[in-house]
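Listed below are the residues making up each chain.
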Amino acid sequence: MSTSLNTLLIHGGVDGDETTGAVNVPIYQTSTYKQSELGVNTGWEYSRTGNPTRAALEKLIADLEGGEYGLAFASGLAAIHTVLSIFKTGDKLLVSDNIYGGTFRLLDTVFKPLGLEYEIVDTSNLEAIEDAIKRNDEAADSPNIAAIYIESPANPLLTITDIEAVSQVAKKYEKLLIVDNTFLTPYLQRPLQLGADIVVHSGTKYLGGHSDTIAGFAVVNDKAIADRLYYLQNAIGGVLAPWDSFLMIRGIKTLGVRMDRHVSNATTIAKWLQESGYVDRIYFPGLESDPGYEVQNKQADGPGAMISFVLKSEYDYKTFFRELKLITLAESLGGVESLVCHPASMTHASIPREIRQEVGIVDELIRFSVGIEDVNDLIADLTQAIEASRR
Ligand SMILES: Cc1ncc(COP(=O)(O)O)c(C=O)c1O
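Residues numbered from 1 in each chain as written. Predicted model: local features only at pLDDT ≥ 70, side-chain atom pairs only at ≥ 80, totals over all residues.

1. Thoughts on helix α14 (residues 375–388)
Definition in use: In this text, helices come from DSSP runs of H or I with a minimum length of four residues, and strands from runs of E with a minimum of two, each type numbered from the N-terminal end. Here the expected span of a helix is defined as 1.5 Å times the quantity of residues minus one. We call a residue exposed when 12 or fewer other C-beta atoms sit within 10 Å of its C-beta, buried when the count reaches 20 or more, and partly exposed for counts in between; the C-beta positions come from the backbone. Note: the arc covers the axis-to-C-beta directions of the helix. By the convention adopted here, residues make contact when the C-beta atoms placed from their backbones lie within 7 Å.
Between its first and last C-alpha atoms α14 spans 20 Å; for 14 residues at 1.5 Å apiece the expected length is 20 Å, and the two agree. Taken residue by residue, α14 has L378, L382, A385 and I386 as its buried positions. All buried residues of α14 fall inside an arc of 100° around its axis, so they share one side. In α14, those exposed residues whose orientation departs by more than 90 degrees from the buried face are N376 and E387. Tucked into the core, α14 has its buried residues touching α10 (255–276), β9 (306–311) and α12 (317–323).

2. Some remarks on the sheet that holds strand β8 (residues 279–283)
Counted only if it meets this: Two strands pair if DSSP finds at least two bridges between them. Note on method: axes are straight lines fitted to C-alpha atoms, helices fitted across the in-contact stretch only, with angles between N-to-C directions ranging 0 to 180 degrees.
With mixed pairing, the 5 strands of this open sheet are ordered in space as β8-β9-β12-β11-β10. Every other strand in the sheet has two partners, leaving β8 and β10 (328–329) as the edge strands with one partner each. Sheet contacts for α10: β8 and β9; angle to β8, the most-contacted strand, approximately 150°.

3. Topic: the packing of α10 against α14
A packed helix pair is summarised by two numbers, namely the angle formed by the two axes and the spacing between the axes. Note the threshold: Helix crossings get a hand from a simple test, with the near helix turned counterclockwise from the far one by less than a right angle marking a left-handed crossing and a clockwise turn marking a right-handed one. Only Asp, Glu, Lys and Arg are considered charged, only Ala, Val, Leu, Ile, Met, Phe, Trp, Tyr, Cys and Pro nonpolar, and every remaining residue, Gly among them, polar.
Between α10 and α14, the shortest axis-to-axis distance is 10 Å and the interhelical angle comes to 35°. Relative to α14, the crossing made by α10 is right-handed. Facing N265, T268, I269 and W272 of α10, the residues of α14 in contact are V375, L378 and I379. Classifying every residue of the contact of α10 with α14 by side-chain character gives 5 nonpolar, 2 polar and no charged.

4. Side note on the domain arrangement of the protein chain
The test is simple: Domain boundaries shown here were taken from an automatic or database domain assignment.
Domain annotation for the protein chain reports domain 1 (5–253) and domain 2 (256–388). Spacing between the C-alpha centres of domain 1 and domain 2 amounts to 26 Å. Domain 1 puts 32 residues into the contact, and the matching count from domain 2 is 33 residues. Counting residues per element, the ones that place at least two in the side of domain 1 that touches domain 2 are α1 (5–11), α4 (101–111), α6 (163–172) and α7 (185–188). Here the side of domain 1 that touches domain 2 gets 4 residues from one element, more than from any other, and that element is α4. Grouping the constituent residues of the side of domain 1 that touches domain 2 by class yields 15 nonpolar, 12 polar and 5 charged.

What follows is the structure, encoded as C-alpha cells:
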C-alpha cells in the first residue's frame, strides 16, 4: 500500500471494518465490553481505557505524523494537560512567547500552583533558548529545564520557530521538545521528523475541519513516553468519545483538499492585504517579507492559512468586526468557513495585558482564519468592512 500522505488521509489508521466490509470505521458506542470469564476479555475492557473507534483514529493520527503512538483526547487542552502531567514539581518549561491563551492559562493557573514552573522565551531565537537553559540549569535556586514547548506558527502572531534547530539544542541539553502542530497539521508539517519528542494538536481546528467537534491529540515515537501518556490518558480520563472519534476520522479524509484551498486563499488574501494600503502590520509566514519565511519554507510544505494583521489607525477595528457580512466573528479557527477573532479579548484574554503588549498581541490585532469560500467573495467582504470602518 502506498504511504503517501494523501493516501494515508483516506486509508491510514484502520481502513474500514474487517468484520462487515463497511468502508468506514464503525462507531463503537459502548462504555464496556463482555468478559467471558474472570480475567478473560477480547482486548477491550472499558472505553476510557480503549475503544475501537478511538483506537482507529489514534492509529491514523500516528500514521499521519509519522509517529509510532497516537492518543486522542476530548479537547486540545485535555491533550496538553495530559502531556504536561508527565512533568513533576520542581520541573520548569521553556515556552514560546506567543502561544494559545488557553495553554498559557493551563500553565499559569493550573500547573504553576502545583510547582511546575515555566519561563517565556522567544523560541524563534536559538541563543535565547540556549541562554535560558544554561541560566536555569546553572542557578542553584532555580529548577532545571525539563522541556521546551513551542507552537510554530505560534498563535496569534504566527512567529516561526526552527523546529529542527531547537530539537538539536534540546538534545544537546537532554530536554524534551513538545510542538503544538495545530496551525499546520501533519499535511503541512511533521515535527517528529524534525526532531520533536511530542506533538500535540487541537483536533478541533483543521483536522476536524468543520467547526463541529472539540478534540485533541498527542503523538510520540518513544515507547517510554508513550506508555506514560497512555497511563495518564486512562488515569486522568479526558478521552475522545466514539462519535467524536468518527467525526475526526471523517474530517481527516478531506484534510488535503481543504488545506490546499485554505493555503491558496490565505496566500492570495495576505498578498492583497499587504498591497491594499489598509494594514499597518501583517503576520503571515507565506509572505517573503515575513521574518519566518525562509525557515517556514525549509520545514513545512506551506504557510498555513492563519493571517494576523493590524489595520492602519484611520480604520476602527471594532467597527471592522461589526461590518463583516460573510466572515464570522467567532473563537476558533481551521474550519471550512472564514472566522475572525480579536485575540486581546477572546482567544488570548487569559494572558495578562502587560505580557500581551510585551510580546506584540496589541489590542488592535485581528486574527483571520481563512476558510475555503471563493477568495473573491472574501476579499470583497474584507474591503467593504474596512471601508466602512474608516474613522
Ligand atoms: C494552537 C492551539 N493549541 C491548543 C488549543 C486548544 O484546543 P481545544 O480548544 O481543542 O481545547 C487551541 C485552541 O484554540 C489552539 O489554537
